[in-house]
Amino acid sequence: MAAEGGSGSMEGEEPKAEATYYRLEEVATRNSEKEMWIVIHGRVYDITSFLGEHPGGEEVLMEQAGRDATESFEDVGHSLDAKEMLKQYYVGEVHPSDLKGEGSENSGSACRSCWSNWIIPVVGVVLLAVMYRFYMAESKLS
Ligand code: HEM
């Protein structure tokens, strides 16, 4: 069988020096039936001519048009054949700073969760203290 490891395929390897880089913004503009690009694993694919041929139908591809479709592509559990087919639609790579962008978004949300990590316990402790004082004042009165 012609099956080979996903990462170490010998044939059809694109020389990186000639790789064309696209910004996600630009990929997002190719989201119509006239011109449709998607991103899978940081690579950009022009699937315009594949729309009508996709065994899973046009609609699922239209939903992913101009976007990163890695998750949906993997969720379906596409065959090795399907992964091989990708090569013929390859047009370039996602610009490295857009790939890093995903990372910094993550750190942004991590920071937000840092903030909520301490604010909730602090509010809880203050509330408890107020309730305790109130309780003590009441019991002294009676
Ligand atoms: C250029 C990208 C894609 C290629 C080359 C491709 C290729 C294929 C092929 C060859 C099949 C037949 C089954 C197989 O061999 O695995 C298939 C089925 C399917 N694909 Fe894709 N696909 C692509 C992108 C997507 C995306 C982005 C979705 C998003 C949800 C998707 C959803 C499906 C579904 C739902 C099926 C039907 C599975 C089934 O009937 O069991 N595909 N695709």
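Look up: the structure comes first, before these words.
Now for a look at the structure at hand. For every chain, the first residue of the written sequence is number 1, and numbering continues from 1 along that sequence. Only residues with pLDDT of 70 or above have their local features reported here, since the model is predicted, and side-chain atom pairs are shown and tallied only from 80 upward, although totals for entire chains, interfaces and linings are computed over all residues. Only hydrogens and water are removed before side-chain values are computed, so all heavy atoms of the structure are retained for them.

1. Some thoughts on the overall build of the protein
Here is step 1 of the chain: A helix here means a DSSP run of H or I that spans at least four residues, while a strand means a run of E at least two residues long, and both kinds are numbered starting from the N terminus. If you tally the helices and strands in the protein, you get 5 helices and 4 strands.
Here is step 2 of the chain: Counting from the amino terminus, helix and strand elements in the protein follow one another as β-α-β-β-α-α-α-β-α.
Here is step 3 of the chain: Within the protein, the fraction of its 142 residues that count as buried is 23%.
Here is step 4 of the chain: Excluding contacts between residues fewer than 6 apart, the proportion of contacts in the protein whose partners are at least 24 apart in sequence is 71%.
Here is step 5 of the chain: Using a 1.4 Å probe, accessible areas were evaluated by the Shrake-Rupley method; residue-level cover was limited to the displayed protein chains. Summing over all exposed atoms, the protein offers an accessible surface of approximately 10,500 Å²; the carbon and sulfur share of this is 58%. Buried residues are those whose accessible area, probed at 1.4 Å on protein chains only, stays under 20% of the maximum for their type, while exposed residues exceed 50% and partly exposed ones sit between those limits. In what follows, a contact means two residues having at least one pair of non-hydrogen atoms within 4.5 Å.

2. Digging into the site of the ligand
Here is step 1 of the chain: Summary of the distance rule: residues count as near a molecule or strand when at least one heavy atom falls within 4 Å of that molecule or strand. Taken together, 17 residues lie near the ligand, and Ile47, Phe50, His54, His78 and Ser79 sit nearest.
Here is step 2 of the chain: Contacts described as polar in this section are N or O atom pairs within 3.5 Å, which, within protein, must combine one atom able to donate a hydrogen with one able to accept it, while residues neighboring in sequence count only if both atoms come from side chains. His54 is positioned such that a nitrogen or oxygen atom in its side chain is 2.8 Å from a nitrogen atom of the ligand.
Here is step 3 of the chain: The separation between a nitrogen atom of the ligand and a polar side-chain atom of His78 is 2.8 Å.
Here is step 4 of the chain: The set of elements that each furnish at least two residues to the shell around the ligand consists of α2 (58-64), α3 (70-76) and α4 (80-86).
Here is step 5 of the chain: Only Asp, Glu, Lys and Arg are considered charged, only Ala, Val, Leu, Ile, Met, Phe, Trp, Tyr, Cys and Pro nonpolar, and every remaining residue, Gly among them, polar. Broken down by class, the residue content of the shell around the ligand amounts to 11 nonpolar, 6 polar and no charged.

3. Here we look at the pairing of strand β2 (residues 37-40)
Here is step 1 of the chain: In β2, alternate side chains face the same way, and those of Trp37 and Val39 on one face and Ile38 and Ile40 on the other are all buried.
Here is step 2 of the chain: In this sheet, strand β3 (residues 43-46) lies alongside β2 in antiparallel orientation, the contact comprising 4 bridges. In the sheet register, Ile38 faces β3, and the bridge partner there is Tyr45. Two strands form a pair only when DSSP identifies at least two bridges running between them.

4. Overview of the nonpolar core
Here is step 1 of the chain: Buried Ala, Val, Leu, Ile, Met, Phe, Trp, Tyr and Cys residues form a nonpolar core when they are joined through side-chain atoms within 4.5 Å. Judged by nonpolar contacts, the single largest core of 15 residues is most densely connected at Ile38, Ile40, Tyr45 and Ile47.
Here is step 2 of the chain: Dropping the residues within four chain positions of it, Ile40 is found in contact with Tyr45, Ala69, Thr70, Phe73 and Leu86.
Here is step 3 of the chain: Within the second largest apolar cluster, 6 residues are counted, among which are Val27, Val39, Val44 and Val94.

5. A closer look at the pairing of strand β4 (residues 90-94)
Here is step 1 of the chain: Taking burial as the measure, the 5 residues of β4 include 4 buried ones, the bulk of the element.
Here is step 2 of the chain: Examined bridge by bridge, strand β1 (residues 21-22) and β4 share 2 bridges and lie parallel to one another. The residue of β4 that forms the bridge with Tyr21 is Glu93.
Here is step 3 of the chain: Pairing of β3 with β4 involves 3 bridges; the strand directions are antiparallel. Residue Val44 lies in a different strand from β4, and its bridge partner there is Gly92.

6. Thoughts on the sheet that holds β4
Here is step 1 of the chain: Spatial ordering of the open sheet is given by β1-β4-β3-β2, a layout of 4 strands whose pairing is mixed. Each of the sheet's edge strands pairs with one partner strand only, and the pair in question is β1 and β2.

7. As for the coordination of the iron atom of the ligand
Here is step 1 of the chain: Distances from the iron atom of the ligand to its protein donors, His54 (NE2) and His78 (NE2), fall at 2.0 Å.
Here is step 2 of the chain: Coordinating donors are taken as N, O and S atoms within 2.8 Å of the metal, stretched to 3.2 Å for Na, K and Ca; because water is absent from the atoms, sites can appear incomplete. In this scheme the shape depends on donor count and angles: four donors with every angle between 85 and 135 degrees give tetrahedral, four or six donors with opposite pairs above 155 degrees and others between 65 and 115 give square planar or octahedral in turn, and any other case is irregular. In this structure, the iron atom of the ligand is surrounded by 6 donor atoms whose angles at the metal cover 86 to 179°, and the resulting shape is octahedral. Of this pair, His54 sits in the loop between β3 and α2 while His78 sits in the loop between α3 and α4, and the two are 24 residues apart along the sequence.

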